[in-house]
Amino acid sequence: MQALSAFLRAERARGVVIYPPGSQMFAALDATPFAAVKVVILGQDPYHGPGQAHGLSFSVPPGVPVPPSLRNIFAEIERDLGFAAPDHGCLLPWAKQGVLLLNAVLSVQAGQAGSHQGKGWEGFTDHIVETLSRDREGLVFMLWGSYAQAKGRIIDTRRHCVLRAPHPSPLSAHRGFNGCGHFGKANRWLVGGGQTPIDWCLPARDRLPPSPLAHADTI
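Residues numbered from 1 in each chain as written. Predicted model: local features only at pLDDT ≥ 70, side-chain atom pairs only at ≥ 80, totals over all residues. Heavy atoms only, no water.

A. Region of interest: the overall build of the protein chain. What the protein chain contains, in helices and strands, is seven helices and six strands. Along the protein chain, from the amino end to the carboxyl end, the secondary structure elements read α-β-α-β-α-α-β-β-α-β-α-β-α. The C-alpha atoms of the protein chain give a radius of gyration of 17 Å, which matches the 17 Å a tight globule of 219 residues would have. Each of the 219 residues in the protein chain was classed as buried or not, and the buried ones make up 53%. When contacts within the protein chain are restricted to residue pairs at least 6 apart in sequence, long-range pairs at least 24 apart make up 68% of them. Surface summary for the protein chain: the accessible area is close to 9700 Å², and the carbon and sulfur share equals 54%. Within the protein chain, one finds 20 positive and 16 negative side-chain charges whose respective centroids are separated by 3 Å. (Helix = DSSP H or I, 4+ residues; strand = E, 2+ residues; numbered from the N terminus. Rg over C-alpha atoms; globule rule 2.2 N^0.38 Å. Buried < 20%, exposed > 50% of the residue type's maximum accessible area, 1.4 Å probe, protein only. Contact = heavy atoms within 4.5 Å. Areas by Shrake-Rupley, 256 points an atom, 1.4 Å probe, with all protein chains shown as cover. Lys, Arg positive; Asp, Glu negative; His and termini not counted. Charge placed at Lys NZ, Arg CZ, Asp CG, Glu CD.)

B. Here's a closer look at the nonpolar core. Ranked by size, the top nonpolar core spans 61 residues in total, and within it Ile41, Trp94, Met142 and Trp200 carry the most contacts. Once residues within four sequence positions are removed from consideration, Met142 is found in contact with Val39, Val40, Ile41, Leu42, Leu163, His182, Phe183, Ala186 and Trp200. (Core = buried A, V, L, I, M, F, W, Y, C linked by side-chain atoms within 4.5 Å.)

C. Looking closely at the side chain of Asp45. Structurally, Asp45 can be placed in the loop between strand E2 (39–43) and helix H3 (68–81). Buried within the structure, Asp45 lacks any salt-bridge partner; its nearest side chain of opposite charge belongs to Lys119, at an N-O separation of 12 Å. At a separation of 2.6 Å, a polar atom in the side chain of Asp45 contacts the main-chain amide nitrogen of Gly114. (Salt bridge = Lys/Arg side-chain N within 4 Å of Asp/Glu carboxyl O. Polar contact = N/O pair within 3.5 Å; in protein donor to acceptor, adjacent residues only side chain to side chain.)

D. Highlighting empty space enclosed by the protein. Counted under the stated rule, the structure contains two cavities of 30 Å³ or more. Estimated volume of the largest cavity: approximately 70 Å³. Forming the walls of the largest cavity are Phe74, Ile77, Phe83, Ala84, Ala85, Pro86, Trp94, Trp200, Cys201 and Leu202. Partitioning the lining of the largest cavity into residue classes produces ten nonpolar, no polar and no charged. Approximately 40 Å³ is the volume attributed to the second largest cavity. Lining the second largest cavity are Pro20, Met25, Pro46, Gly55, Asn103 and Leu106. (1 Å grid on protein atoms, 1.4 Å probe; cavity = no way out; pocket = protein on both sides within 12 Å on 5 of 7 lines; lining within 4 Å. Points joined across faces, edges and corners; volume = space filled by probe spheres on them. Nonpolar A, V, L, I, M, F, W, Y, C, P; charged D, E, K, R; others polar.)

E. Structural context of the pattern of salt bridges. Scanning all chains against the criterion turns up seven salt bridges. In this structure, Arg14 and Glu11 form a salt bridge, with 2.8 Å as the shortest nitrogen-oxygen distance. Using a relative accessible area of 9% as the deciding quantity, one classes Glu11 as buried. The partner of Glu137 in a salt bridge is Arg159, with the nearest N and O atoms 2.9 Å apart. Placement of Glu137 in the loop between helix H5 (121–135) and strand E5 (140–144) and of Arg159 in the loop between helix H6 (146–149) and strand E6 (161–165) is noted, with a sequence separation of 22 residues between them. According to the relative accessible area criterion, Glu137 is exposed, its value standing at 51%. Take Arg159: its relative accessible area is 25%, and that puts it in the partly exposed class. Salt bridges here are not isolated pairs; linked through shared partners, they connect Asp126, Lys151 and Arg153.

Encoded structure:
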């Protein structure tokens, strides 16, 4: 983590724009504490466009246009559960219910997808997934795409539900993400284990909770 912090500081010092802001890099962990996790949705790295990334995988702040992958996620929820897509792309209400929206890599250079892979984040997020698998019971892990599925090797499938599908990107959603039924399957697993299901129906934009910003911009 010291090497990762040094890399991020050096990049900023030479004028590189990094998303999300440092205050939001750990927003997923702020919004969904370890003991509250029920479902883990693993993304690859943050959105690399201006104003998109705010620390929750696949999510964008209210008022930012919904990216194509998230539109496909909303379409699958509507097909699976009948909930129409909301008027925004902020997934914070899911996080508040126990959905850990975790990217494998927690930062990215503006306009350069995958630019911070191999800089240290993967070891950190591997540790999060491994610790959840070891110390919690009955979680649901949604692994979409090969990058997320690579973390499946450290999940104990005897104790947790692991759901795999292609990535919801328009390039691959038609290969099996569309129609995967993961959201209904997750809730059936949770209810079967005596847990409260997730309400996947997001509230309207004007009813959203405030966004968590717990960390100072110091990384």
